[in-house]
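Summary of the model geometry
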Amino acid sequence: MSARTSAARTFRIAPSILSADFARLGEEVAAVERAGIDLLHFDVMDNHYVPNLTIGPMVCASLRPRTKMPIDVHLMVRPVDRIIPDFAKAGADIISFHPEASEHVDRTIALIRECGCKAGLVFNPATPLSWLDHTLDKLDLVLLMSVNPGFGGQQFIASTLPKIAEARRRIDASGRDVWLEVDGGVKADNIAEVARAGADTFVAGSAIFGAKDYAAVVRDMRARLAVV
Ligand code: DX5
Ligand code: ZN
């Protein structure tokens, strides 16, 4: 199913499989795909850069043949460069990383693109947007964290809203087609507010996988985005 457009912007919903039942991951991915999502958000944590440990390239490779959805890999690991080619080979479409976790941010962006993937830069709640000064012209995605990274099911940090608006201004001024994704605490109740601030791509983990009927949540989110 394709992303929906409201007014001038295309909106995309990206369930985070962090909140899925890992023992039934293939079925969970098929279920959200049937629910009409746009991409799969794949959270990679290393118990070093963030205090949690999740899944790696082998899981990405085993999901790849089971879904047509683009795989949106969010790396919360340090160091980052060594693992990037592994995710590209495992079928990732987008690879995003945190600038604090890379020794050479420009080199890491170049590496992701050389591997044939789209490149994203991730901003923690306290990470300044000045990291975009010399990177935006090479990015396909800006990912703003609206929680501190490491866990699903946290509360949306409201001070992210003006930051989303500022990132939107920077992206529009660049004239480039850069996706603006927001990750953490996004639910049907606040998705419209996040969209109005300027986001176009919405990660939702617990809001979707914590519900009984995934398709009903996705429909509810679409309905609220349709009137933004
Ligand atoms: C947090 C992860 C998020 C998380 C979102 O470090 O990057 O993708 O799974 O989960 P919810 O939507 O439950 O906040
Ligand atoms: Zn994430």
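In this report, the structure presented in the accompanying data block is examined. (Residues numbered from 1 in each chain as written. Chains lettered and ligands numbered in written order. Predicted model: local features only at pLDDT ≥ 70, side-chain atom pairs only at ≥ 80, totals over all residues. Heavy atoms only, no water.)

**Observations concerning the coordination of the zinc ion (ligand 2)**
- On the protein side, the zinc ion (ligand 2) has H41 (NE2), D43 (OD), H74 (ND1) and D183 (OD) as donor atoms, found 2.1 to 2.3 Å from it.
- Geometry at the zinc ion (ligand 2) is octahedral, judged from its six donor atoms and the angles of 69 to 171 degrees they form at the metal.
- Read from N- to C-terminus, the donor residues coordinating the zinc ion (ligand 2) fall into the pattern H-x1-D-x30-H-x108-D. On the criterion of sequence distance, the pair formed by D43 in strand β3 (residues 40-45) and H74 in strand β4 (residues 71-76) is long-range, its members being 31 residues apart. (Donors = N, O, S within 2.8 Å, 3.2 Å for Na, K, Ca; no water. Tetrahedral: all angles 85-135°; square planar, octahedral: opposite > 155°, others 65-115°. Helix = DSSP H or I, 4+ residues; strand = E, 2+ residues; numbered from the N terminus.)

**Quick notes on the packing of aromatic side chains**
- Tallying each qualifying case throughout the model produces three aromatic pairs.
- On the numbers, 6.0 Å between centres and 75 degrees between planes, the contact of F42 with F87 is edge-to-face. Taken together, the positions of F42 in strand β3 and F87 in helix α3 (residues 84-89) put the pair 45 residues apart, joining distant regions of the chain.
- A ring pair is formed by F209 and Y214, whose centres lie 5.3 Å apart and whose planes are at 70 degrees; its orientation type is edge-to-face. (Phe/Tyr/Trp six-rings, centres within 6.5 Å; stacked < 30°, edge-to-face > 60°.)

**Let's talk about the pattern of salt bridges**
- For the structure shown, the criterion picks out 15 salt bridges.
- Taking the shortest distance from any N to any O, the salt bridge between R169 and E166 comes out at 3.2 Å. With a gap of three residues between them, R169 and E166 both fall in helix α5 (residues 160-174), about one helical turn apart.
- Look at E166 and you get partly exposed, because its relative accessible area is 28%.
- Of the charged contacts, one joins D200 and R168 as a salt bridge, the two residues approaching to 3.1 Å between their closest N and O atoms. Taken together, the positions of D200 in the loop between α6 (191-197) and β9 (201-204) and R168 in helix α5 put the pair 32 residues apart, joining distant regions of the chain. Comparing D200 with R168 shows no difference in burial state: the two are buried.
- Each of the salt bridges in this network shares a partner with another, and the network as a whole consists of R12, R168, D172 and D200. (Salt bridge = Lys/Arg side-chain N within 4 Å of Asp/Glu carboxyl O. Buried < 20%, exposed > 50% of the residue type's maximum accessible area, 1.4 Å probe, protein only.)

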